[in-house]
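Each chain, written out:
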Amino acid sequence: MNPAIFDEMIATRRRLHRHPEEGWTEFETTWLVAQRLKALGYERVLTGTDVVKPEAVMGRDPKLVDAAIERAVAQGVPREFIEAIEGYTGCVAILETGRPGPVVALRFDMDALRIEEADGPEHAPAREGFRSEYPGLMHACGHDAHTAVGLAVARWVIENRDTLCGTVKLCFQPAEEGVRGAWPMVQRGLFDDVDYVLASHCGGKAGPGEIALVHKGVLASTKFDIRFTGTPSHAGNQPHRGRSALMAACATAMMLTGIPRHGEGISRVAVGRLEAGEGRNITPVHAYMQIEVRGETSEVNEFMCENVERIVKANALAYDVQSSIERVGDATTLPRCPDMIEALREVAQGIEGLAILDLEAPAGSEDFTWMAKRVVERGGQCAFFRWGCRHNGHHKFHFDLQDTESMPTAYKMFTGYVAKMNGTH
Ligand SMILES: [Zn+2]
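What you see as residue numbers is a count from 1 along each chain, following the sequence as written. Selection of residues for local features in this predicted model requires a pLDDT of at least 70, selection of side-chain atom pairs for listing and counting requires 80 or more, and totals for whole chains, interfaces and linings are taken over all residues. To obtain the side-chain values, all non-hydrogen atoms of the structure were included, while hydrogens and water were left out.

(A) Region of interest: the packing of aromatic side chains. Any pair of Phe, Tyr and Trp rings, taking the six-membered ring for Trp, is counted once the centres come within 6.5 Å. Such a pair is stacked with planes under 30 degrees apart, edge-to-face with planes over 60 apart, and tilted for the rest. Throughout the structure, instances matching the rule amount to six aromatic pairs. Among the aromatic residues, ring-to-ring pairing joins F108, F172, F385 and F414 into one connected group. Over the face of the ring belonging to Y88 we find R60, whose NZ or CZ atom lies 4.0 Å from the ring centre. We call a charge positioned above a ring when the Lys NZ or Arg CZ atom is no farther than 6 Å from the ring centre and deviates by at most 35 degrees from the ring normal. The residue whose ring lies beneath R71 is Y134, and the NZ or CZ to ring-centre distance is 4.3 Å.

(B) Molecular detail of the domain arrangement of the chain. The start and end points of each domain follow an automatic or database-based domain assignment. We note that the domain assignment places domain 1 (3-218 + 334-422) and domain 2 (220-329) within the chain. With centres defined by C-alpha atoms, the gap from domain 1 to domain 2 works out at 34 Å. Contacts are assigned to residue pairs that have any heavy atoms within 4.5 Å of one another. Between domain 1 and domain 2, the residue contacts involve nine residues of the former and nine residues of the latter. Two parts placed together each lose some accessible area under a 1.4 Å probe, and adding up what both lose gives the buried area. The junction of domain 1 with domain 2 conceals about 640 Å² of combined surface from both sides, 58% of it contributed by carbon and sulfur atoms. On the domain 1 side of the interface with domain 2, the three residues burying the most area are M58, V179 and S365, jointly 51% of the side's total. The term polar contact refers here to a pair of N or O atoms within 3.5 Å; inside protein, the definition further demands a hydrogen-donor-capable atom paired with an acceptor-capable atom, and it admits residues adjacent in sequence only when both atoms are side-chain atoms. Connecting domain 1 to domain 2 are one residue pair in polar contact (both at pLDDT 80 or more). Residues of the side of domain 1 that touches domain 2, tallied by class, amount to four nonpolar, four polar and one charged. Residues were grouped as follows: Ala, Val, Leu, Ile, Met, Phe, Trp, Tyr, Cys and Pro as nonpolar; Asp, Glu, Lys and Arg as charged; and all remaining residues, including Gly, as polar.

(C) Structural view of the coordination of the zinc ion. Donor atoms from the polypeptide that bind the zinc ion are C141 (SG), H143 (NE2) and H201 (NE2), placed at 2.1 to 2.2 Å. We note that the donor set of the zinc ion lies within a single chain, spaced as C-x1-H-x57-H. On the criterion of sequence distance, the pair formed by C141 in the loop between α5 (124-127) and α6 (143-159) and H201 in strand β5 (residues 196-202) is long-range, its members being 60 residues apart. Here the term buried applies to any residue with accessible area under 20% of the maximum for its type, exposed to any over 50%, and partly exposed to those in between, with areas from a 1.4 Å probe on protein chains only. A relative accessible area of 6% means that H201 is categorised as buried. Counted as donors are N, O and S atoms no farther than 2.8 Å from the metal, or 3.2 Å for Na, K and Ca; water is not among the atoms, and sites may therefore look incomplete. Helix and strand labels come from DSSP, where a helix needs a run of H or I of at least four residues and a strand needs a run of E of at least two; each type is numbered from the N terminus.

(D) Expanded view of the state of the cysteines. Disulfide: a pair of cysteine sulfur atoms within 2.5 Å of each other. Overall, the coordinates contain zero disulfides when judged by the stated rule. The structure places no disulfide on C171, whose sulfur is separated from the nearest cysteine sulfur, that of C91, by 9.6 Å. Residue class for C171 comes out buried when judged on its relative accessible area of 0%. Residue C389 stays outside any disulfide, its sulfur separated by 5.0 Å from that of C202, the closest cysteine.

(E) Just unusual backbone geometry, in detail. At V179, a position not held by glycine, the phi torsion is positive, near 40 degrees. Following the sequence through the fold, V179 ends up in the loop between β4 (167-173) and α7 (182-187). In this structure V179 comes out as buried when scored by relative accessible area, which is 4%. One non-glycine residue, D320, adopts positive backbone phi at about 55 degrees. By secondary structure assignment, the location of D320 is in the loop between α9 (298-319) and β10 (322-331).

(F) Layout of the sheet that holds strand β11 (residues 355-359). One bridge is not enough; two strands pair if DSSP finds at least two bridges between them. Pairing within the open sheet is mixed, and its eight strands lie in the order β1-β2-β4-β3-β5-β12-β6-β11. The outermost strands of the open sheet, each flanked by one partner alone, are β1 (44-47) and β11. Across the sheet, the mean angle separating the axes of adjacent strands is 20 degrees when strand polarity is ignored. Of the pairings in the sheet, the one linking strand β2 (residues 91-96) to β4 comprises six bridges and is antiparallel in character. Here an angle of 0 to 180 degrees is reported between the N-to-C directions of two axes, which are lines fitted to C-alpha atoms, with helices fitted over the stretch in contact.

(G) Inspection of the environment of E360 at higher detail. Assignment of secondary structure puts E360 in the loop between β11 and α11 (368-377). Owing to a relative accessible area of 39%, E360 belongs among the partly exposed residues under this scheme. With 142 residues separating them in the primary sequence, E360 and V218 have C-alpha atoms 8.7 Å apart. With sequence-adjacent residues up to four places away left out, E360 is seen in contact with H215, K216, G217 and R336.

(H) The nonpolar core, seen in detail. Buried residues of nine kinds, namely Ala, Val, Leu, Ile, Met, Phe, Trp, Tyr and Cys, make up a nonpolar core once their side-chain atoms join them within 4.5 Å. If you look at the biggest cluster of nonpolar residues, it comprises 105 residues, and the most contacted ones within it are L37, Y42, L170 and F191. The biggest single contributor to this core is α6, with ten residues. Grouped together as the second largest cluster of nonpolar side chains are 20 residues, L256, V308, I311 and V321 included.

So, in structure tokens, the structure goes:
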């Protein structure tokens, strides 16, 4: 790989790593991406509400967004830019070569997680001076690297535009965590004309020197926020007058894990967070839960969702409290396109020293699946691959990916695929 692009890619990843931004708050990141794409010479760089349809957005907390805007402005992001994007993150660059050929879209996600990053000398970002500067936030899933790879690929595409045909779309997605950002991009119509859509993720079951082609196992998933509202009372004098939101939430947590297994595919349910109550001697008025379900097929996932909704309603009735349930994230399964997987295999075979794995076992979820589904529904194809590293566990405080060793593989896969599909040869 071109050493200048390599150096820039690693520097970009480390810069993004120092300023992690969680889903729907990627203002510094979107600004950096948009500026870089314009500087490269992309004439069509779309941002904000030209990229995501606000009406289709889920799981966006205005308080978090407002705080992040102030932080981004303090870091030098112009307020006019925030106004131009109407407070919505995300960026897409489109290169139309003017020569007939396929429309190829590449997806790169940008968001970070609520995790306090490790601070010991055994953790490379701490040791080498690019640990997160934002307390409680960390790129613990490698999306900083995904974004930096995307910008490196964007540079390669521009530098090689005279050898390309068709159209290349570089899609920088907000809010992949919690599977929130892809759906409103699809609803904006960005994938309606796409023939091939490709995305990747670092790590997972792929180790150093390995690449994994994903055949199946990406689970459909839905994320819910649940609230119960009870009636307060003095716990000593008038316990009979109170209605406990806490007890309704606890019963719900226990019952959710008892949803029957489904005969037609694996399922998952997780209660990740439960906060309830006001004080020791007050019947608890408020309870809040964050939960998620998953399914091997969208039917199995929907079965899980229906059970969640029924259990919440039934417990509200049983404990005589009010309930509300909100879908804050959604992803489907990955359509399987064998021809595109084989095309990717050929690209991987051309990369020296790379071992190729084929994945079929159940793994995590990805909202890239909405982009994939839209493209496949309209006669196109999709694929998803993993590029390996020693990651120490995704979403953990000591997650790392050995950027200088692992990221070139991702870069070579994406540029190799574009050369294969859009090359004029
Ligand atoms: Zn991730």
